[in-house]
Amino acid sequence: MNKWIRGMVKKGMSRVILPRSYKREAKKRNVDGRKALFVSAHGGRLSANLLIMRREMQKAGFKTKTFDREVDSMTPQELWRYLKRFTGEYASCGILFLDSYFLPVSACRKRPETKVIQLWHSGGLLKKMGYDTGEDLAGFPRGFTRNYDLVTVSAPCLAGVWEHALGLESGKAEALGLPRTDRYFSAGWKNKQKKRFAELHKEASGKKVAVYAPSFSGAPGSPETPGREGIRKVRERLRDEWEIVISPHPLTKSLFPERERNMETEELAAAADLLITDYSSVAYDAMLMDVPVAFYCPDIETYRKKRGFYLDPECIPGGFAKTPEELIRILESGEWNTPREKLREMTAKYMSSCDGRSAARILERVTGIRSK
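What this report covers is the structure whose coordinates are included nearby. (Residues numbered from 1 in each chain as written. Predicted model: local features only at pLDDT ≥ 70, side-chain atom pairs only at ≥ 80, totals over all residues. Heavy atoms only, no water.)

1. Details of the packing of aromatic side chains
Stage number 1. In this structure the tally under the stated criterion is 15 aromatic pairs.
Stage number 2. Judged by centre distance (5.9 Å) and plane angle (70°), the rings of Tyr284 and Tyr350 are edge-to-face. Placement of Tyr284 in helix H9 (residues 282-288) and of Tyr350 in helix H12 (residues 340-350) is noted, with a sequence separation of 66 residues between them.
Stage number 3. Judged by relative accessible area, which is 0%, Tyr284 ranks as buried.
Stage number 4. Residue classification places Tyr350 among the buried positions, given a relative accessible area of 9%.
Stage number 5. A network of ring pairs unites the aromatic residues Tyr22, Phe67, Tyr82, Phe86, Tyr90 and Phe102 as a single cluster.
Stage number 6. A cation sits over an aromatic face here: Arg34 above Phe62, 4.0 Å from the ring centre.
Stage number 7. When the ring centre of Tyr82 is taken as reference, the NZ or CZ atom of Arg69 above it lies at 5.9 Å. (Phe/Tyr/Trp six-rings, centres within 6.5 Å; stacked < 30°, edge-to-face > 60°. Helix = DSSP H or I, 4+ residues; strand = E, 2+ residues; numbered from the N terminus. Buried < 20%, exposed > 50% of the residue type's maximum accessible area, 1.4 Å probe, protein only. Lys NZ or Arg CZ within 6 Å of the ring centre and 35° of its normal.)

2. Section: empty space enclosed by the protein
Stage number 1. In the structure shown here, the tally under the stated rule is 1 cavity of 30 Å³ or more.
Stage number 2. One number sums up the size of the largest cavity: a volume of about 40 Å³.
Stage number 3. What lines the largest cavity is simply Glu56, Lys59, Ala60, Leu363, Ile369, Arg370, Ser371 and Lys372.
Stage number 4. Classifying every residue of the lining of the largest cavity by side-chain character gives 3 nonpolar, 1 polar and 4 charged. (1 Å grid on protein atoms, 1.4 Å probe; cavity = no way out; pocket = protein on both sides within 12 Å on 5 of 7 lines; lining within 4 Å. Points joined across faces, edges and corners; volume = space filled by probe spheres on them. Nonpolar A, V, L, I, M, F, W, Y, C, P; charged D, E, K, R; others polar.)

3. Here we look at the sheet that holds strand S7 (residues 208-212)
Stage number 1. Taking strand neighbours across the sheet as the criterion, the 5 strands line up as S8-S7-S9-S10-S11 in an open arrangement whose pairing is parallel. Since the sheet does not close on itself, it has two edges, and those belong to strand S8 (242-246) and strand S11 (320-321), each with one partner.
Stage number 2. Across 5 bridges, S7 lies against S8 in parallel orientation. Looking at S8, one finds that Val211 is bridged to Val245. (Pairing = 2+ DSSP bridges.)

4. A short note on the sheet that holds strand S4 (residues 115-118)
Stage number 1. What the 6 strands build is an open sheet, ordered S2-S1-S3-S4-S5-S6; its pairing is parallel. Strands with a single pairing partner mark the edges of an open sheet, and in this sheet they are strand S2 (63-67) and strand S6 (173-174).
Stage number 2. Sheet topology places strand S3 (residues 93-98) next to S4; 4 bridges connect them, and they run parallel. Within S4, the position partnered with Leu96 by the bridge is Val116.
Stage number 3. Helix H2 (residues 48-59) contacts strand S1 (32-39), S2 and S3 of the sheet and is inclined by roughly 160° relative to S1.
Stage number 4. Seen against the sheet, helix H13 (residues 358-367) touches S3, S4, strand S5 (148-152) and S6 and runs at an angle of roughly 145° to S3. (Contact = heavy atoms within 4.5 Å. Axes fitted to C-alpha atoms, helices over the stretch in contact; angles between N-to-C directions.)

5. Some details on the nonpolar core
Stage number 1. If you look at the biggest cluster of nonpolar residues, it comprises 82 residues, and the most contacted ones within it are Phe86, Tyr90, Leu96, Phe102, Val151, Trp162 and Tyr284.
Stage number 2. The element best represented in this core is H9, accounting for 6 residues.
Stage number 3. The contact partners of Tyr90, leaving out residues within four places of it in the chain, are Tyr22, Leu37, Leu96, Pro104, Val105, Cys108, Lys110, Thr114, Val116 and Asn147. (Core = buried A, V, L, I, M, F, W, Y, C linked by side-chain atoms within 4.5 Å.)

6. Topic: the packing of H2 against H13
Stage number 1. One way to put it is that H2 packs onto H13 with a least axis distance of 10 Å and a crossing angle of 55°. As judged from the angle between their axes, H2 and H13 are oblique. Pair H2 / H13 crosses with right-handed handedness. Within the contact between the two elements, H2 uses Ile52, Met53, Glu56 and Met57 and H13 uses Ala359, Ala360, Ile362, Leu363 and Thr367.
Stage number 2. Its residues assigned to classes, the contact of H2 with H13 shows 7 nonpolar, 1 polar and 1 charged. (Parallel < 35°, antiparallel > 145°, perpendicular 65-115°, else oblique. Left-handed = near helix turned anticlockwise from the far one by under 90°.)

7. Let's talk about the side chain of Asp132
Stage number 1. With respect to the helices, strands and loops of the structure, Asp132 is situated in the loop between S4 and S5.
Stage number 2. Looking at Asp132, its side chain comes within polar contact range of the side chain of His164, at 2.7 Å.
Stage number 3. Once residues lying within four places of it in the same chain are set aside, the contact partners of Asp132 are Val161, His164, Ala165 and Tyr310. (Polar contact = N/O pair within 3.5 Å; in protein donor to acceptor, adjacent residues only side chain to side chain.)

Quick look at the structure:
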């Protein structure tokens, strides 16, 4: 019943309430071409993609506004006030950046003067997404992404994949890179993450460090991490040799009370010897930093049938395990330590536009302004 009620509320918001609010605000306001909005619906803060792009826009002289509240935690009254304020700013901004789905952006038929830039949060090629799976956009019409003017991807070979998955016209996805990856080309940034990690995890001194960064299985409304009990067994068995730090997907944080709370997954990966995941595209971020990746996928047979892959994890260089025992063997044997040339072959194909200049390239593409 609760699921049905939520679905009806979502339909009412998307089909009636938000479009009407947007139209009212559009009648009262002109579009300000020098105003840029940065929008996130999950985690209660902007992602690194959005933060870095916001800094570029500010350096170029744009006024910026941020909408980063965790909408699921709001009361109905808070949510309405928040969305009313959002539709006002949306109706009058020149550029809007987001890096995942956000219903209010798609529900309103936007003014043509406003450009919506989707800095999609994942790079590389792994699990299916969008309209290519029955889970991501279940219940949303085919035009859910109609307002997107540009979607940035991590390599030329992915543009067509993203356009099909998001139901976009040909040419709307461009290989401009991911802003967050610009940091990976800075030795100073990497050294800072290693220093922070050492200060926060003194118990890791003398051990190899692995980051467990799973995605989630099932629908976003009821996410699961089938590997969570298995990874706890692995941590316990190898605690004298390995420090395994847990950095879960934002939707599954409540399942991991022992998670790392002070560093983001990409920051942890920069300080680690190994990244362990199931289906998260953060694997490609790690590989771009020359950090090996192992896949621990206890539910892979079910996942293949329900969601499916563009590129199966078993085909990616590195260890692959379905059970805790198999993962322990991989870590003890050294099988996880993939040769760096294999990692670079993967990133050359699937992350080639992430070269340290992504934010500057996106700035110039969207505004015509060269980064200072």
